[in-house]
Amino acid sequence: MAIFAQLLVNGLIAGGTYALAAVGYSMVYGALKFINFAHGSVASFGAYIMFGLAVAWLHVPFVIAFFAAMILTALLGVIIERMAYRPLRHAPKLAPLTTAIAVSFVLDAIVMIVMGSDIKSFGLPTVEGIAIGPVFITPVQLIIIGSSLVLMVFLYVLLYRTRLGKAIRAVADDVNLAEVSGMDSDLVISAVFAIGSALAAAAGCLIGLDSNLQPTMGFVITVKAFAAVVLGGLGSVPGAIVGGFLIGIAENLGVWYIPAVWKDTIAYGILILALFIRPAGIFGKKDQTASTVL
Amino acid sequence: MPFDPSLLIHLAILITIYAILSISLNLVMGATGMFNIGLAAFYGVGAYTSAILAKLGVPWFFDMLAGVCLAGLLAFVVGIPTLHLVGDYLAVVTMGIGEIMRAVFTNWMSLTRGPNGIPGIPHASLFHIDFAGIKFNGITFDTEPKFFVLGIVCLAITYVIAERLLRSPFGRVLKGIREDETGAQALGKDTYRFKMTILIIGSGMGGLAGSLFAHYITYIDPSSFVMWLTFFIFLIIMLGGRGNIFGGIVATAVFVTLREGLRFVTLPEWLDPSALQQLIFGLLLIVTTIFLPSGLIPERKTTYREMEGHATSREPHEGLRRAAGG
């Protein structure tokens with residue numbers, strides 16, 4: 001039982017970071033109806049910005065580096081959208097998907113060239129976990145789960161209590177209708193990319209703090225966030241959060257039964273299973289998923 | 001690094017193998033517009049199946065066939081849950097299959113020897129008969145020039161199949177699905193079956209390329225079957241002209257040469273050559289997709305005049321034009 005509780009808590013910690021990454025994905029899908037393959041690499045880029053600021057170059061305090069990374073990555077997200085996706089907004093769907101994959105390779109390459117391909121660590125001192133009942137949790141893990149929850153509440157307020165949030169939801173619902181109502185959809189989409197990228201950066205930083213940094217981590221984040229989003233329902237923000245936690249928990253409980261080397265494939269196993277049972281995901285609308293009109 | 005002329009034949013063989021991969025992706029992605037980003041998985045399944053069976057003494061032709069079939073079977077399994085859904089799901093699941101297969105190659109130690117790879121894969125051979133007292137020594141493709149011939153023959157067969165497919169009514173439906181799937185359905189086409197068929201055929205071709213690769217290099221390990229490979233072929237298709245099989249082959253020759261040529265460029269110590277390659281090719285792909293959407297050698301559009309030449313043409317336009325007195 002103690003092991004179960006511990007694995008569950010580990011799952012919640014991992015799930016929180018996946019949920020953060022997945023939210024951005026889902027928002028972009030909602031607004032543009034295209035899968036942003038570069039999202040994981042954006043997250044990894046953000047984590048490396050924090051690493052650069054806090055450890056490698058400037059030695060600024062972690063908290064400041066964390067927020068600076070979020071802001072800079074938000075900017076990066078807006079620039080990527082401007083340069084690589086906006087010119088293709090009315091092109092066949094294959095085109096933005098292709099540039100997204102290319103952007104992800106470019107971002108990873110920049111990280112590799114600037115920072116090197118070896119594994120980097122934030123170098124936090126190892127501290128003994130605090131015992132809460134049968135469960136051990138380190139202060140860093142507490143910070144991770146705390147910040148992901150705070151950011152999700154922040155996102156909820158932003159989406160459901162502000163004018164910008166209303167505009168974002170309107171564009172996700174129907175771009176043309178939003179434009180007819182006088183909304184500047186380009187501006188809203190830029191905002192979506194800024195918010196999504198900032199949250200991705202936060203996810204990347206937290207994952208980096210929890211374990212370590214390597215240039216290929218973006219791909220792993222892409223994979224997990226994908227699975228979370230599809231499980232929760234493409235385009236649904238609450239779905240992405242629930243999906244993220246489910247994937248995190250399933251992964252950590254999964255290593256109880258199967259060797260840990262297969263951990264990363266669990267997310268995809270769940271994803272494919274979910275597609276068989278309910279392709280629209282938990283919170284998705286069914287009519288958005290079918291390619292057939294019949 | 002000094003230049004060695006035998007590298008040229010090595011380059012030529014690599015080009016034939018990659019050209020088959022480009023045909024595979026061109027049929028699925030270029031002609032039909034399906035996002036298959038798990039090409040490396042099908043390539044890997046072909047290579048591993050071939051390698052494992054060859055080590056057990058199965059002749060080349062049959063282990064190749066098994067590789068092709070298994071890659072096709074994997075495509076079928078991938079297609080079942082995804083092809084009824086919008087294309088994004090195929091992208092997600094093929095990417096997932098790419099990762100799952102890489103995990104299988106890396107972690108299923110008893111079958112694939114994991115990261116150690118499978119060394120000593122026998123050379124491909126044909127017509128070896130040693131049965132019921134009859135002995136016949138066929139051809140063993142053990143030198144590079146001989147293997148090049150085998151590669152070219154396989155490429156030619158794949159090319160002819162692909163071209164014939166695309167020019168047939170079947171191929172026209174595929175392009176119809178790419179342009180407007182709902183429209184194709186409105187004309188009564190069961191688009192699911194068309195998409196499934198081409199995904200299986202294309203992936204089988206990927207398996208063939210994998211089998212050739214395994215028998216050429218005679219050593220495989222999981223590092224050959226990564227996402228980067230799929231991306232590389234992606235770039236080739238986008239630049240060569242999606243839907244244009246021949247354009248894809250030309251682009252393959254150019255890019256494989258370019259990639260291998262980059263090895264001879266001396267770089268500063270701090271610059272990781274593979275990262276630089278990734279950066280250059282990534283930027284190139286973004287620029288091409290935005291400014292050159294149909295590639296350098298665009299797909300040939302069939303004109304009405306050519307259709308007129310078809311004595312048996314049953315095109316709806318034909319009747320319409322006649323009716324209109326054209």
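If you're wondering where the values come from, they're calculated on a predicted model, not measured in any experiment.

Asks: Even after reading the chapter, I still don't get the overall build of chain A, so can you show me in this structure?
Replies: Looking only at helices and strands, chain A has 11 helices and two strands in total. Along chain A, helices (α) and strands (β) appear in the sequence α-α-α-α-β-β-α-α-α-α-α-α-α when read from the amino end. For a compact globule of 294 residues, the expected C-alpha radius of gyration is about 19 Å, and chain A comes in at 19 Å, within 12% of that figure. Seen through its principal axes, chain A has C-alpha atoms that stretch 60 × 45 × 35 Å. Buried residues in chain A amount to 52% of all 294 residues. Once local pairs closer than 6 in sequence are excluded, the contacts in chain A between residues at least 24 apart make up 75%.

Asks: I keep staring at unusual backbone geometry and nothing clicks. Help me out?
Replies: Backbone geometry follows two general trends: most residues other than glycine have a negative phi, and most peptide bonds adopt the trans configuration. Phi at Lys33 of chain A takes a positive value of approximately 55 degrees, unusual for a residue other than glycine. Located in the positive-phi region is Thr218 of chain B, a residue other than glycine, with phi close to 65 degrees. Of the residues examined, Thr218 of chain B has 17 C-beta atoms within 10 Å and is grouped as partly exposed.

Asks: In this structure, what is going on with the interface of chain B and chain A? I would like to understand it.
Replies: Many structure descriptions define interface size as the accessible area lost when the parts assemble. On the chain A side, the residues contacting the 38 residues of chain B number 43 residues. When contributions to the side of chain B that touches chain A are tallied by element, the ones reaching two or more residues are α3 (60-82), α4 (87-107), α8 (181-186), α10 (227-240) and α12 (273-291) of chain B. Element by element, the count of residues in the side of chain B that touches chain A is highest for α4 of chain B, at 11 residues. Of the residues contributing to the side of chain B that touches chain A, the split by class is 23 nonpolar, 11 polar and four charged.

Asks: Would you take a moment to explain the packing of helix α5 (residues 139-161) of chain A against helix α8 (residues 185-210) of chain A for this structure?
Replies: Relative placement of two packed helices is described by the angle separating their axes and the distance separating the axes. All names here are of chain A. One can describe the packing of α5 onto α8 by two numbers: an axis separation of 10 Å at closest approach and a directional angle of 170 degrees. Judged on the interaxial angle alone, α8 and α5 are roughly antiparallel. Across the interface between the two elements, Val140, Gln141, Ile144, Ser147, Ser148, Leu151 and Leu155 of α5 pack against Leu199, Ala202, Leu206, Leu209 and Asp210 of α8. A per-class count over the contact of α5 with α8 returns eight nonpolar, three polar and one charged.

Asks: I tried to follow the environment of Val78 of chain B on my own but got confused; where do I start?
Replies: Residues and elements named next belong to chain B. On the secondary structure map, Val78 appears in helix α3. For Val78, a count of 24 C-beta atoms within 10 Å puts it in the buried group. On a C-alpha basis, the gap between Val78 and Gly96 in space is 9.9 Å, while along the polypeptide they are 18 residues apart. Once residues within four sequence positions are removed from consideration, Val78 is found in contact with Val93, Thr94 and Ile97.

Asks: Before we go on, may I ask you to explain helix α1 (residues 2-32) of chain A in this structure?
Replies: In an α-helix, one full turn covers 3.6 residues, which means residues spaced three or four apart are oriented alike. All names here are of chain A. Across its 31 residues, α1 extends 44 Å between first and last C-alpha, which sits within 8% of the 45 Å expected from 1.5 Å per residue. Across the 31 residues of α1, 24 count as buried, placing the element largely inside the fold. At the C-terminal side of α1, Lys33 shows a positive phi close to 55 degrees.

Asks: Quick question: what am I supposed to make of the confidence of the model for chain B here?
Replies: A low pLDDT means the predicted coordinates there should not be read in detail. All names here are of chain B. On average, residues of chain B score 82 in pLDDT, and 87% of them are at 70 or above. Contacts for the low-pLDDT stretch residues 311-326, under 50 throughout, to residues beyond four places or in other chains number six contacts. Confidence metrics for the complex model read pTM 0.85 and ipTM 0.83.

Asks: What's the story with the packing of helix α10 (residues 237-254) of chain A against helix α11 (residues 263-277) of chain A in this structure? I'm lost.
Replies: All names here are of chain A. It is the contact of α10 with α11, at a shortest axis distance of 9 Å, that shows an interaxial angle of 130 degrees. It follows from the interaxial angle that α10 and α11 lie oblique. Once α10 is placed against α11, the crossing between them reads as right-handed. Two secondary-structure elements touch here, α10 through Ile247, Ala250, Glu251 and Gly254 and α11 through Lys263, Ile266, Ala267 and Ile270. Partitioned by chemical class, the residues of the contact of α10 with α11 number five nonpolar, one polar and two charged.

Reading guide: rules and limits
- Residues numbered from 1 in each chain as written.
- Chains lettered and ligands numbered in written order.
- Predicted model: local features only at pLDDT ≥ 70, side-chain atom pairs only at ≥ 80, totals over all residues.
- Helix = DSSP H or I, 4+ residues; strand = E, 2+ residues; numbered from the N terminus.
- Rg over C-alpha atoms; globule rule 2.2 N^0.38 Å.
- Buried ≥ 20, exposed ≤ 12 C-beta atoms within 10 Å, placed from the backbone.
- Contact = placed C-beta atoms within 7 Å.
- Nonpolar A, V, L, I, M, F, W, Y, C, P; charged D, E, K, R; others polar.
- Axes fitted to C-alpha atoms, helices over the stretch in contact; angles between N-to-C directions.
- Parallel < 35°, antiparallel > 145°, perpendicular 65-115°, else oblique.
- Expected span 1.5 Å × (residues − 1).
- pLDDT = per-residue confidence, 0-100.
- Left-handed = near helix turned anticlockwise from the far one by under 90°.

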